[in-house]
Amino acid sequence: MASLASAVLWTTASRADEPPTGPAPTVIVQPDDTLWSIAERVAPGRAPREVIDDIRNLNGIKGSYVYAGDTLLVPTDH
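Keep in mind that this is a model prediction, so the values were computed, not measured. (Residues numbered from 1 in each chain as written. Predicted model: local features only at pLDDT ≥ 70, side-chain atom pairs only at ≥ 80, totals over all residues. Heavy atoms only, no water.)

### With respect to the confidence of the model for the protein
Predicted coordinates in areas of low pLDDT are best not read in detail.
Okay, so step 1: Of the residues in the protein, 72% have a pLDDT of 70 or more, and the chain-wide mean is 84.
Okay, so step 2: With pLDDT under 50 throughout, residues 4–9 is counted as low confidence; its partners more than four residues away or in other chains account for zero contacts. (pLDDT = per-residue confidence, 0-100. Contact = heavy atoms within 4.5 Å.)

What follows is the structure in structure tokens.
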């Protein structure tokens, strides 16, 4: 019985480390949005420059501009 309980707990604990499944979070760029404002909005606990780098990498953005109506993948807050 103890080994069964251990197996259940181990399986449950190992799943806690798995990333959530489903579509990646996105935002739609609004008029007057910047990468900085989006970074502050989607990850308020992180440094905006780091979040901007993540957004650029996720979306293949080379420059500093985004345009109203663009849909951007955004990092999950960690």
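### Overview of the pattern of salt bridges
Okay, so step 1: Applying the stated rule across the entire model yields three salt bridges.
Okay, so step 2: With its nearest N and O atoms 3.2 Å apart, the salt bridge here joins Asp33 to Arg41.
Okay, so step 3: Classification of Arg41 by relative accessible area gives partly exposed; the value is 45%.
Okay, so step 4: A salt bridge links Arg56 to Asp53; the nearest nitrogen and oxygen atoms lie 3.9 Å apart. Pair noted here: Arg56 and Asp53 are both in helix α3 (residues 48–59), with a separation of three residues, about one helical turn.
Okay, so step 5: Accessibility expressed as a relative area gives 23% for Arg56, which makes it partly exposed. (Salt bridge = Lys/Arg side-chain N within 4 Å of Asp/Glu carboxyl O. Buried < 20%, exposed > 50% of the residue type's maximum accessible area, 1.4 Å probe, protein only. Helix = DSSP H or I, 4+ residues; strand = E, 2+ residues; numbered from the N terminus.)

### Quick look at α3
Okay, so step 1: Here α3 spans 16 Å end to end across twelve residues, near enough to the 16 Å set by a 1.5 Å rise per residue.
Okay, so step 2: For α3, the complete set of buried residues consists of Pro48, Val51, Ile52 and Ile55. Along the long axis of α3, the arc covered by the buried residues comes to 105 degrees, so they all point the same way. Exposed side chains of α3 directed beyond 90 degrees from the buried face belong to Arg49 and Asn57.
Okay, so step 3: On its buried face, α3 is in contact with α2 (35–42) and β2 (71–73).
Okay, so step 4: Trailing α3 by a residue or two, Gly60 shows a phi angle of about 65 degrees, which is positive. (Expected span 1.5 Å × (residues − 1). Arc of directions from axis to C-beta.)

### A look at the nonpolar core
Okay, so step 1: One finds Ile38, Val42, Ile55, Val66 and Leu72 to be the most contacted residues of the largest nonpolar core, which totals 14 residues.
Okay, so step 2: Mapped by element, the contributors of at least two residues to this core are α2 and α3.
Okay, so step 3: It is α2 that provides the largest number of residues to this core, a total of four residues.
Okay, so step 4: Those residues in contact with Ile55, other than ones at most four positions away along the chain, are Leu35, Ile38, Ala39, Leu72, Leu73, Val74 and Pro75. (Core = buried A, V, L, I, M, F, W, Y, C linked by side-chain atoms within 4.5 Å.)

### Describing the side chain of Asp33
Okay, so step 1: One can find Asp33 in the loop between β1 (26–28) and α2.
Okay, so step 2: Side-chain polar atoms of Asp33 contact the side chain of Arg41, separated by 3.2 Å.
Okay, so step 3: Excluding anything up to four places from it in sequence, Asp33 contacts Ile28, Ile38, Arg41 and Val66. (Polar contact = N/O pair within 3.5 Å; in protein donor to acceptor, adjacent residues only side chain to side chain.)

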